[in-house]
Amino acid sequence: MSIRKLFTTLAAGAVLTFGSLGLAGCQDEATAQSSDNGATVQQVSQQFEEAAPTQAAQAPAQQQITAPILRAGTKGTPQEMGTVMRQERHSPQATMNHATFDENANPIDVFANILTASSDRSTWYLMQSNNPIGVQATEMTVRYSGVNLRLYDHKRTDFPTIAEHNFDQDKAEDAIDDRGEEGLNFYDDMIRTSATISSGSGVLFEGDIYDHDSQSISGTFTLIYSDSNKRATLLVTDLDGVTQFAGLAPTFKLERTVVRDVAQLHRENQQRLPANSFSMR
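Bear in mind the structure is a predicted one, so any value in this text is a computation, not a measurement.

Looking at the overall build of the chain
Within the chain, the secondary structure is distributed over 6 helices and 10 strands. Looking at the chain residue by residue over its 281 residues, the buried ones come to 50%. Taking all contacts inside the chain whose residues are at least 6 apart in sequence as the whole, residues at least 24 apart take part in 62%. Summing over all exposed atoms, the chain offers an accessible surface of approximately 13,700 Å²; the carbon and sulfur share of this is 46%.

Here's what the structure looks like:
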């Protein structure tokens, strides 16, 4: 069964294994308990429905953003998440295992992640299950929630900086010094470093992270992918250009339609661009 067909079945509430991900619907109607890090699906959906008319009336037309329903930290069963996915007409873009490592680079925890987006990629989620790929999930959590997911020709790695960003390096370095946190770096440097870790890797996805409280964009999510070893690196950047690693995906699989879209981008770039230029779309 294809990932897309499994996703449709999941949205209908069936009990199954979501391809290799193992995102299974629950047979009962148990609701995941809320925690300090996020509400349940029902709580957030209800708040969204109550607030949506007011938000639309208050926001100027030129500043309106079609916000995703679920905010980061929202938890729920796979069945509940599938219902929201159907409501937002989402489909999977990629599946992966998200790994955390100790100081010796040994994996500590591995959890299945799925990147989903609406048909026009205007809204997206990175969701994490409570088990690795191949093991049934009983709970899912929204890691990141956002808008405007962009797809790039990741095979062009000669100039890894995405041109649409105009982060101020001096401002970013001042912010990094002020925070005094380990692992922070300037966006351009982090992209360039990440793109050289794995041979043939480049930016595949970028999306704007949405802040439901301020109803505005709060940062950028970047996914760097390598065709050679089928792995991905996840980055998160704030509005100053300060970037940090959001995880490594040692196993990664693209949805067939995304593979097709990237291939089309690459053909177009080869036809119209010189070999030493970089394209984004």
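Quick look at the pairing of strand β10 (residues 242–254)
Here strand β6 (residues 185–186) runs beside β10; their pairing, made up of 2 bridges, is antiparallel. Within the sheet, the bridge partner assigned to F186 lies in β10 and is V242. The antiparallel hairpin formed by strand β9 (residues 231–238) and β10 contains 3 residues in its connecting segment, where G241 sits at a positive phi of about 95°.

Observations concerning helix α3 (residues 78–87)
When you tally the buried positions in α3, you get 7 out of 10 residues, the bulk of the element. Phi turns positive one or two residues past the end of α3, at R89, with a value near 55°.

Things to note about the pattern of salt bridges
Opposite charge on two side chains allows them to pair when their charged atoms are near. Summed over all chains, the structure comprises 9 salt bridges. Across the pair D261 and R121 runs a salt bridge whose closest N-O atoms are separated by 3.2 Å. Of this pair, D261 sits in helix α6 (residues 256–272) while R121 sits in the loop between β3 (107–118) and β4 (123–129), placing them 140 residues apart in sequence. Judged by its relative accessible area of 16%, R121 falls in the buried class. Among the ionic pairs, D208 bridges to R150, the shortest N-O distance being 3.4 Å. Note that D208 is positioned in strand β7 (residues 201–211) and R150 in strand β5 (residues 140–151), a separation of 58 residues in sequence. Under the relative-accessibility criterion, R150 is labelled buried at 8%.

A closer look at the nonpolar core
Counting residues in each nonpolar core, the largest one holds 25 residues, and the members touching the most others are M96, W124, L204, F205, F221, L223 and F252. In terms of residues, this core owes the most to one element, β10, which gives 4 residues. Each residue touching F205, except ones within four places of it in the same chain, is listed here: Q93, L115, R121, L149, R150, L151, Y152, F221, T222, L223, L254 and V258.

Parameters and conventions
- Residues numbered from 1 in each chain as written.
- Predicted model: local features only at pLDDT ≥ 70, side-chain atom pairs only at ≥ 80, totals over all residues.
- Heavy atoms only, no water.
- Helix = DSSP H or I, 4+ residues; strand = E, 2+ residues; numbered from the N terminus.
- Buried < 20%, exposed > 50% of the residue type's maximum accessible area, 1.4 Å probe, protein only.
- Contact = heavy atoms within 4.5 Å.
- Areas by Shrake-Rupley, 256 points an atom, 1.4 Å probe, with all protein chains shown as cover.
- Pairing = 2+ DSSP bridges.
- Salt bridge = Lys/Arg side-chain N within 4 Å of Asp/Glu carboxyl O.
- Core = buried A, V, L, I, M, F, W, Y, C linked by side-chain atoms within 4.5 Å.

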